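Tertiary structure, described
Residue-level listing of the chains:
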Amino acid sequence: MKNDVEIPYSSILQPVAGNGLLDRRLFLKTGLTFSVVTLAASAIPKVFATNANDQAVDSASPPWMHEPGAPFSIYGTPSKYEDDVVRFPAANRDVGGNGVSWTPLHKLEGIITPGGLHFERHHNGVPQIDPAQHKLLIHGLVRNPSFFSIEDLLRYPMQSRICFVECGGNSNAGWNKSPSKSEAGYFHGLVSCSEWTGVPLATLLNEAGVTAKAKWLIAEGADAFAMNISIPMEKAMQDGMLALYQNGERLRPENGYPLRLILPGWEGVLNVKWLRRLKATDKPIMARNETSRYTELQPDGKARMFTFVMEAKSLITSPSANMFLKQPGLYQITGLAWSGRGKIKKVEISADGGKSWAEAELQEPVLSQSFTRFRIPWQWNGKPAILKSRATDETGYVQPERDKLIAERGRHGFFHYNAIVTWQVDEQGVVNHIYDDKDITESTDDISIDAGWD
Amino acid sequence: MIRTPLKINFPPPGWGTPARMQAVERRRMPKPRVGVKSLIREINFSSNETLPPPSHPLPPREGEVVVEGRGPGKNLLLVLLLFTFINISYANPPQGPNLGQSATPEEIAHWDISVMPDGEGLPEGKGTALAGKPIYEKHCVACHGPEGVGGSADALAGAKMALNSDYPEQTIGSYWPYATTIFDMTRRSMPIIAPGTLTNNEVYAVTAYLLYLNNIIGENDEMNAETLPKVQMPNRDGFINVYEQENKKK
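Each chain has its residues counted from 1, running along the sequence as written. Just so you know, chain letters begin at A and ligand numbers begin at 1, following the order they were written in. In view of the model being predicted, local features appear only for residues whose pLDDT reaches at least 70, and side-chain atom pairs are presented and counted only at 80 or more, with totals across whole chains, interfaces and linings using the full set of residues.

**Some thoughts on the overall build of chain B**
Helix numbering and strand numbering both begin at the N terminus, where a helix is a DSSP run of H or I of at least 4 residues and a strand a DSSP run of E of at least 2. The helix and strand tally for chain B stands at 8 helices and 4 strands. In this scheme every C-beta is placed from the backbone, and a residue whose C-beta has 20 or more other C-beta atoms within 10 Å is buried, one with 12 or fewer is exposed, and one in between is partly exposed. Within chain B, the proportion of its 250 residues that are buried is 34%. Here the contacts in chain B between residues at least 6 apart in sequence split such that 63% fall between residues at least 24 apart. Two residues qualify as being in contact provided that their C-beta atoms, derived from the backbone, are within 7 Å of each other.

As structure tokens, then:
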């Protein structure tokens, strides 16, 4: 597996950072092909079968070139050979509808998450809502309390925007003392990115006539949890959206069909699904999910509350945990970065555990509060390497190292973990998730810090 | 082609039992009973469908503040006066077709189940811990454990480790800042297999029982719309409002 492979051009290229990181424009300049990182080596079979005439049917003449293909379909599904590109669900043992499912970020490319792979967080299952019976009530400190049917809302002027939605509890395994062994998406995949289309919340709030006293908006879902939470009026008016469509089609049931809130860049729990009610108030309701949960306990025993913005974060999705580099040579390191405060300004990559860094190419489009795809070429020499990515957003905020985050916040905050992720490539080409801070040497136990998602 | 099944790491990261609980001998809980009562919180979706559509021939123009009756221009002077002191400085969103159907106070009362920390929204009714114990043991114990400890769901009582310790325990008594939150959540979300089926008296009683389990009230103290908001929660001042802090910096 470690045979040296001749890489044309690479010998004449100067590395831009330690341990084989090359100029990010390499692929653009030369159009070189590069190795594909695989989860498991799967050689292409030389011979599939023989056809009726006993002619060899091989990769030059595969069977699907000798028979008509499948007929048309009314709604396409992924190839059967992609059946491991799936969400990873985990729920409360007594309540099957209370839990999460992670997006397989390590299996995806680009910045748009397919609708069927968008992460889920439900408190009591996915309601199957008949849109003809669903209504939105806007009331409270408004001059014209009103009901809106879905049919009504579909007639309103709409806008589209691409943005991520990230659960406040995403990546919480990072607080644990030993590194998670899960694939990248099943560790960090409580975040997804879609094109959302719907009615600007401000349009309806203006029609309802929000009074000057109204500083908060209490949103409520029509699920079996009747999930409720308080949203600052300022944010609702600024860029809140009543989303009806996701990636061009109507919302999926598990993403809030027929109506959900989108609050770009703010933690997922505020983006209430199955939205049925918005009550304008002068103060927050202090709901369970803004007091008992989605607050972050600090080392001094105080807890951070109303920590709405998801701070800048990035991770390398390929190569990433449990992947396997078949041989030394040229690889493309790629991954995702995002910030709830705006655009990603730069993503730096290190292949030597943070000793040196090189700037990755940001794939266009680079959008505010959206996934941003980054790429950089890397010449793996077959020796152990430690890969990291570090995002900086347009406000100048830099994604922190893990030890810095823990020094600031302790271990019991559960929510808002956004530290730099470290992947170790060993001599066999196997990629592992590691900590390279003091937990590596100090930790002997295998303690999970907190309970799940009840 | 032989495909290997998806590797499942279970439990997944961050999804486990708190270390402190692993040492606790768990009792087998009886499975909850399903569908014992009919829904009392019925939602009448079609109640206003016979109302006439609102009459306002012209939508308000950009920047105009609509005062009453949802039509612009009727009281332009008042509108302009109001505009001088109502601070609505929102970006210009697209103009909508104004299709909302007016909601009557009765309809709103029927829909609105929000309970605020000052007690606004609390319904009539009452209950004590003594009355709440059997209700808890019937509807809640399966997931939350006897006396709020040791279930698969949130621990509700019995915190021994302090919030600033290595294994902090976040229960109602040690963590929750407002007693009204217990009522609001229990009424809307619980019991999890049949949410919205408890009467207001039952919700008051369960709320009282949970406060009693956390040594916050006595077993005969009555919880109602007057008394519940006055309950002083031990961790009432344990929170930092990060949003407010950031706004001040701005």
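**Brief notes about the sheet that holds strand E5 (residues 120-122) of chain A**
All names here are of chain A. Spatially, the 3 strands line up as an open sheet ordered E3-E4-E5, and their pairing is antiparallel. Two strands lie at the open edges of the sheet, namely strand E3 (88-91) and E5, each paired on one side alone. Averaged over all pairs of adjacent strands, the angle between strand axes in this sheet comes to 10 degrees, irrespective of strand direction. Following DSSP output, two strands are said to pair if at least two bridges run between them. As a rule, the C-alpha atoms of each element are fitted with a line to give its axis, helices using only the stretch in contact, and angles between N-to-C directions run from 0 to 180 degrees.

**A short note on helix H7 (residues 200-213) of chain B**
Residue and element names in this part refer to chain B. To estimate the expected span of a helix, count its residues, drop one, and scale the result by 1.5 Å. In a regular helix each residue adds 1.5 Å, so 14 residues correspond to 20 Å; H7 covers 20 Å between its end C-alpha atoms and thus fits that length. On its buried side, H7 packs onto strand E2 (126-127), helix H4 (129-139), helix H6 (180-189) and strand E3 (223-224). One or two positions beyond H7, positive phi appears at Asn215, with a value near 60 degrees.

**A short note on the nonpolar core**
Leu217, Ala219, Leu242 and Ile349 of chain A together with Ala208, Tyr209 and Leu210 of chain B are the most contacted members of the largest nonpolar core, which totals 165 residues. At 10 residues, H7 of chain B tops the list of elements feeding residues into this core. A set of buried residues qualifies as a nonpolar core if it consists of Ala, Val, Leu, Ile, Met, Phe, Trp, Tyr and Cys joined through C-beta atoms within 7 Å.

**Notes on the confidence of the model for chain A**
Residues and elements named next belong to chain A. Per residue, pLDDT measures the predictor's confidence, with a range of 0 to 100. Mean pLDDT over chain A: 91, with 87% of residues reaching 70 or higher. Low pLDDT, under 50, characterises residues 40-46; the stretch is placed with 7 contacts to residues that sit more than four places away or in other chains. Below a pLDDT of 50 lies the segment residues 441-451, which in the model reaches 21 contacts outside its immediate sequence neighbourhood of four places, other chains included.

**With respect to the domain arrangement of chain A**
All names here are of chain A. Taken domain by domain, chain A holds domain 1 (120-304) and domain 2 (313-442). Segment limits for the domains were obtained from an automatic or database-derived domain assignment. Here the C-alpha centroids of domain 1 and domain 2 sit 29 Å apart. Residue-level contacts link 26 residues of domain 1 with 27 residues of domain 2. Listing elements by their share of the side of domain 1 that touches domain 2, those giving two or more residues are strand E8 (159-166) and strand E16 (296-297). Sort the elements by how many residues they give to the side of domain 1 that touches domain 2 and E8 lands first, with 3 residues. Of the residues that constitute the side of domain 1 that touches domain 2, the class distribution is 12 nonpolar, 10 polar and 4 charged. Under the scheme applied here, ten amino acids are nonpolar (Ala, Val, Leu, Ile, Met, Phe, Trp, Tyr, Cys and Pro), four are charged (Asp, Glu, Lys and Arg), and all others, including Gly, are polar.

**Considering the pairing of strand E7 (residues 146-149) of chain A**
Along E7 of chain A, one buried face is formed by Ser146 and Phe148 of chain A and the opposite face, lined by Phe147 and Ser149 of chain A, is buried too. Relative to E7 of chain A, strand E6 (residues 135-140) of chain A runs antiparallel, the two sharing 4 bridges. In the sheet register, Leu136 of chain A faces E7 of chain A, and the bridge partner there is Phe148 of chain A. Hairpin connection, E6 of chain A to E7 of chain A: the antiparallel pair is bridged by 5 residues. Here E7 of chain A runs beside strand E1 (residues 101-102) of chain B; their pairing, made up of 2 bridges, is antiparallel. Each bridged residue has a counterpart across the sheet, and for Ser146 of chain A the counterpart in E1 of chain B is Ser102 of chain B.

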